Amino acid sequence: MRIVIWLGALLPVIYGMIRFSTEWHPEWLRNFLIFLEPYLHVVLTRFPNDPLKFLTDLSGNSALWLLAVTLLLTPLRVYLSINLLKYRRLLGLFSFFYALIHALLFIGVDQQFNFSSALHQVVSKPFVAFGMGAFVIMLLMALTSTKKLFASFRSWHKLVYIAVVLIAIHYLMSHKTISLTHIAVVGTLFTLLALRLLKR
């Protein structure tokens, strides 16, 4: 199961590498990717028009969906008696990995490590503040996720509920228009959150 999780969690990295290496693909690989595109419903054969936006969206969405899968584990155990909780830490760390990339793209690339400018963005743009708040919570959870520290900081991990709300708001506010897809994504997050809370 760990191998499946690793392969699934690294798919966004593989996808990013494919998109950024399109100019060097041999003909056989390009033809294969063209064949796959209609079935995967993703673009595989074009270099991103806006590389920073592409990476920011890819890392942010990957962090969101891996967090959703992490939240799913408790309802699976409670309602379907499928116990995969031993993989929760691994999935959570992968979610944090992509959240870290997402934050570093903002601080390091977009703001060029100008921390005063980054702080101004956090203060002046609510959607950035919500995202940064969620990242800080995920950072605390990642740092205290080892067996030894988790026992002492178990209550801190309940902050994940706040993080999910912040992420949902950040996700919606980061789009100029809100579509049914965006509503469905947030609805999925809140449904998983509700299922976790109901079991209490």
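One structure accompanies this document, and this report is about it. Every value quoted in this text rests on a predicted model; they were computed, and no experiment measured them.

**Re the overall build of the chain**
- Scanning the chain from terminus to terminus reveals ten helices and zero strands.
- Secondary structure elements of the chain occur, N-terminal to C-terminal, as α-α-α-α-α-α-α-α-α-α.
- Oriented by its inertia axes, the alpha-carbon framework of the chain measures out at about 55 × 45 × 35 Å.
- Here the analysis covers contacts within the chain between residues at least 6 apart in sequence; of these, 67% occur between residues at least 24 apart.
- For the chain, the accessible area works out to roughly 12400 Å², and carbon and sulfur atoms hold 70% of it.

**Thoughts on a nonpolar patch on the surface**
- Residues Trp 6, Leu 10, Leu 11, Val 13, Ile 14, Met 17 and Phe 97 make up a contiguous nonpolar surface patch of about 630 Å² in total accessible area.
- When residues in the nonpolar patch are grouped by element, the largest group, four residues, is from helix α2 (residues 11-20).
- Of note, Leu 10 is situated in the loop between α1 (2-9) and α2.
- Looking at Leu 10, the relative accessible area reads 31%, which means it is partly exposed.

**Focus: the packing of aromatic side chains**
- A full pass over the atoms with the stated rule returns nine aromatic pairs.
- What links up through ring pairs into an aromatic cluster is the set Tyr 15, Phe 20, Phe 47 and Phe 54.

**Some words on the packing of α2 against helix α4 (residues 51-80)**
- With their axes 10 Å apart at the nearest point, α2 and α4 run at an angle of 165° to one another. Judged by the inter-axis angle, α2 sits roughly antiparallel to α4. Note that α2 runs across α4; the crossing there is right-handed. Between α2 and α4, the contacting residues are Pro 12, Tyr 15, Gly 16, Arg 19 and Phe 20 on the first element and Pro 51, Phe 54, Leu 55, Leu 58 and Ser 62 on the second.
- Class assignment of the residues belonging to the contact of α2 with α4 gives a composition of seven nonpolar, two polar and one charged.

**Some details on the side chain of Arg 19**
- Following the sequence through the fold, Arg 19 ends up in helix α2.
- A polar contact of 2.4 Å, which involves the side chain of Arg 19, links it to the backbone oxygen of Arg 46.
- In this view, Arg 19 contacts Val 43, Leu 44, Arg 46, Phe 47, Pro 48 and Phe 54; residues no more than four positions away in its chain are not counted.

**Let's talk about unusual backbone geometry**
- The phi angle at Ser 81 is positive, at roughly 60°, despite the residue not being glycine.
- Relative to the helices and strands, Ser 81 resides in the loop between α4 and α5 (88-110).
- For Gln 112, which is not glycine, the phi torsion reads 50° and is therefore positive.
- Looking at the element boundaries, Gln 112 is found in the loop between α5 and α6 (115-124).
- With a relative accessible area of 64%, Gln 112 lands in the exposed category.

**Some details on a positive patch on the surface**
- Side chains of Arg 2, Lys 86, Arg 89 and Lys 147 sit close together on the surface and give a patch of like positive charge.
- Inspection of the secondary structure assignment puts Lys 86 in the loop between α4 and α5.
- A relative accessible area of 62% places Lys 86 in the exposed class.

Thresholds applied
- Residues numbered from 1 in each chain as written.
- Predicted model: local features only at pLDDT ≥ 70, side-chain atom pairs only at ≥ 80, totals over all residues.
- Heavy atoms only, no water.
- Helix = DSSP H or I, 4+ residues; strand = E, 2+ residues; numbered from the N terminus.
- Contact = heavy atoms within 4.5 Å.
- Areas by Shrake-Rupley, 256 points an atom, 1.4 Å probe, with all protein chains shown as cover.
- Patch = residues over 30% accessible without salt bridge, like charges linked within 9 Å, V, L, I, M, F, W, Y side chains within 5 Å.
- Salt bridge = Lys/Arg side-chain N within 4 Å of Asp/Glu carboxyl O.
- Buried < 20%, exposed > 50% of the residue type's maximum accessible area, 1.4 Å probe, protein only.
- Phe/Tyr/Trp six-rings, centres within 6.5 Å; stacked < 30°, edge-to-face > 60°.
- Axes fitted to C-alpha atoms, helices over the stretch in contact; angles between N-to-C directions.
- Parallel < 35°, antiparallel > 145°, perpendicular 65-115°, else oblique.
- Left-handed = near helix turned anticlockwise from the far one by under 90°.
- Nonpolar A, V, L, I, M, F, W, Y, C, P; charged D, E, K, R; others polar.
- Polar contact = N/O pair within 3.5 Å; in protein donor to acceptor, adjacent residues only side chain to side chain.
- Lys, Arg positive; Asp, Glu negative; His and termini not counted.
- Charge placed at Lys NZ, Arg CZ, Asp CG, Glu CD.

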